[in-house]
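Read off the chains here:
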Amino acid sequence: MKTEWTIAAIAAASLLAVACGQKDEATSKNEAQAPPAAATAAPNAADTIKARQANLKKLGGALKAMTDESKKDNADLAVFKTQAPIIAGLAPQLHDWFPAGTGAEAGVKTAAKPEIWAQPDVFKQRADAFAAAAAKFSTTVDGGDLAAIKAGVAPLGGACRECHQTFRQRDES
Ligand code: HEC
């Protein structure tokens, strides 16, 4: 039993070491955790897919909270201050959540289309455009102008949709 614990601890420590070794300025601003970069840290495609889907759900939750808030007359700035960093922190990593071998061939349920790997330049471009939109929105939120913030939510969601339309199985955001 003791040996098992030790092995588990060593495994966890080395995973952590790998994860911490990645330079990741964007996440330092919030709690968002990068999934281990699959190509190096986790050769297990199924784990990579599950980790990215969990992160994508976080994106979905944050966007929904802000979309809902943006429709209110008395929208609360605090909601945007909390949610925008979640998106801005995860956005620069999104591209790396899709290493080769994490499509349908991995044998777990995924909505990632083969086009991601067939058109890597376009996929990268969509991911970069999204990261730029997320950074821009973050700046708007930092500015504190609620009208501008409310108006910025839809374009941010548009950057999600731009990618989903081509690269996600069901084309909904
Ligand atoms: C560059 C492409 C790209 C961008 C940008 C992008 N997504 Fe996605 N998204 C995907 C792909 C591909 C999937 C399918 C992943 C899978 O099933 O493995 C996905 C899946 C999702 C899911 C479903 C996760 C699950 O399995 O439950 C949600 C929710 C989601 N995205 C929300 C968002 C939101 C919100 C944004 C913007 C704030 C966003 N995405 C930006 C490509 C993208």
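Enquirer: When you look at the packing of helix α5 (residues 120-143) against helix α6 (residues 146-167) in this model, what are you seeing that I'm missing?
Expert: Remark: α5 packs on α6, axes separated minimally by 9 Å, with the N-to-C direction vectors making an angle of 170°. Looking at the two axes, α5 sits roughly antiparallel to α6. On α6, the residues that touch Val122, Phe123, Arg126, Ala127, Ala129, Phe130, Ala133, Ala134, Phe137, Thr140, Val141 and Gly143 of α5 are Ala148, Ile149, Gly152, Pro155, Leu156, Ala159, Cys160, Glu162, Cys163, Thr166 and Phe167. Residues of the contact of α5 with α6, tallied by class, amount to 17 nonpolar, four polar and two charged.

Enquirer: What exactly am I supposed to notice about helix α3 (residues 77-90) here?
Expert: Because an α-helix packs 3.6 residues into every turn, residues spaced three or four apart end up facing the same way. The end-to-end C-alpha separation of α3 is 21 Å, in line with the 20 Å expected for 14 residues at 1.5 Å each. What α3 keeps buried is the set Phe80, Gln83, Ala84, Pro85, Ile86, Ile87, Ala88, Gly89 and Leu90. Packed against the buried residues of α3 are α2 (45-70), α5 and α6.

Enquirer: I'm lost on the site of the ligand in this one. Help?
Expert: Close to the ligand lie 23 residues, the nearest being Gln53, Gly60, Phe130, Cys160 and Cys163. For the shell around the ligand, the elements supplying multiple residues, two or more each, are α2, α5 and α6. Element by element, the count of residues in the shell around the ligand is highest for α2, at eight residues. Classifying every residue of the shell around the ligand by side-chain character gives 15 nonpolar, four polar and four charged.

Enquirer: Explanation requested: the nonpolar core in the structure shown.
Expert: For soluble globular proteins, nonpolar side chains are generally found buried alongside one another. In this structure, Ile87, Ala91, Phe130 and Ala134 are the most contacted members of the largest nonpolar core, which totals 29 residues. At the level of elements, α2, α3, α5 and α6 are the ones that each hand at least two residues to this core. Sorting elements by how many residues they give to this core places α5 first, with eight residues. Setting aside anything within four residues of it in sequence, one finds Phe130 in contact with Ala91, Leu94, Ala159, Cys160 and Cys163.

Reading the values: the criteria
Residues numbered from 1 in each chain as written. Predicted model: local features only at pLDDT ≥ 70, side-chain atom pairs only at ≥ 80, totals over all residues. Axes fitted to C-alpha atoms, helices over the stretch in contact; angles between N-to-C directions. Helix = DSSP H or I, 4+ residues; strand = E, 2+ residues; numbered from the N terminus. Parallel < 35°, antiparallel > 145°, perpendicular 65-115°, else oblique. Contact = placed C-beta atoms within 7 Å. Nonpolar A, V, L, I, M, F, W, Y, C, P; charged D, E, K, R; others polar. Expected span 1.5 Å × (residues − 1). Buried ≥ 20, exposed ≤ 12 C-beta atoms within 10 Å, placed from the backbone. Near = placed C-beta within 6 Å. Core = buried A, V, L, I, M, F, W, Y, C linked by C-beta atoms within 7 Å.

Without other data, these values stay purely geometric and don't point to any function.
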